[in-house]
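# Residue-level structure breakdown
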Amino acid sequence: MLLETYRTLRVVTKQVLGEEPVVLVDSQVPLEFHGNGYCGWCVPRGLLGSDSVVVDIGLGEDVSFSQSLIARYGCMVHGFDPTPRAVQYVKALEEPNLILHEFAVAARRGKAVFYLPNDAAHVSGSLSRAAHVGAGELEVDLVTFLDVFDLVGRQNIDVLKIDVEGAEYELIADSSFDQYAPRIRCLCVEFHHRWPNFGKRATIAAVERLRKLGFSCAWRARTTNEEFTFVNSYLA
């Protein structure tokens, strides 16, 4: 409890100093939490059922969010991650309701350089170059949101989670996201404004764009100010 209070006060202090973005929660839908303290989000209560589809972009070695949704609802989760360690980890789970797609999701199709973390203890790489990634590189296959919907085989996605180490800004900013936004009922995202090459303005711009596309903010992690849940306007 003391650690949680300290982390929350640290976020508030940085917001007062203008170092952290301020995102207002403007949707009051009932929520329930899934995942753990490191990798977790709230989703609207009653949103999901056994026939729901969740898309989890950026798996790493912690899929507790998806596992919690599967355990609670028995729904199908389509996970996207090209990182070798993440692929190995997810395959070893042998979770029948978690379908792995070894692709990175981006604004375009093709090949791209994927930057691996400098610290070998970490798993999360990125399509965006930063100071803490780039010690190793690999070429990965890119798919777009159109491909994601085709691979999932559904017209709508009930929950879309994006944790892609900075690449979320390009995904949300891309014009192709406009046509798919109405087909996403709930969006869970981790913003990486703590990276110097992005900063708080990148998150503020992304949130403003989401609001214009009909999303409202239903939840944010008070202790980190990085994990957010947005719901489509017809749920707010």
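## Remarks on the overall build of the chain
- Helices and strands together make up the secondary structure of the chain, namely seven helices and twelve strands.
- Against the globule reference of 18 Å for 236 residues, the chain gives a C-alpha radius of gyration of 17 Å, in line with a compact fold.
- Along the first, second and third principal axes, the C-alpha atoms of the chain reach 40 × 40 × 40 Å.
- Per-residue burial over the chain gives 53% buried out of 236 residues.
- Pairs at least 24 residues apart make up 64% of the contacts formed inside the chain by residues separated by at least 6 positions.

## What about unusual backbone geometry?
- Although it is not a glycine, E94 adopts a positive phi angle of roughly 50°.
- With respect to the helices, strands and loops of the structure, E94 is situated in the loop between α3 (84-93) and β5 (98-101).
- E94 gets classed as exposed once you look at its relative accessible area, which sits at 68%.

## What about the nonpolar core?
- By size, the foremost hydrophobic cluster in this structure holds 35 residues, and its most contacted members are I57, L160, I162, F191 and F230.
- Apart from residues no more than four positions distant in its own chain, I57 is found in contact with F80, V105, F145, L160, K161, I162, D163 and V164.
- Within the second largest apolar cluster, 22 residues are counted, among which are L48, V63, V159 and W219.

Cut-off values and rules
Residues numbered from 1 in each chain as written. Predicted model: local features only at pLDDT ≥ 70, side-chain atom pairs only at ≥ 80, totals over all residues. Heavy atoms only, no water. Helix = DSSP H or I, 4+ residues; strand = E, 2+ residues; numbered from the N terminus. Rg over C-alpha atoms; globule rule 2.2 N^0.38 Å. Buried < 20%, exposed > 50% of the residue type's maximum accessible area, 1.4 Å probe, protein only. Contact = heavy atoms within 4.5 Å. Core = buried A, V, L, I, M, F, W, Y, C linked by side-chain atoms within 4.5 Å.

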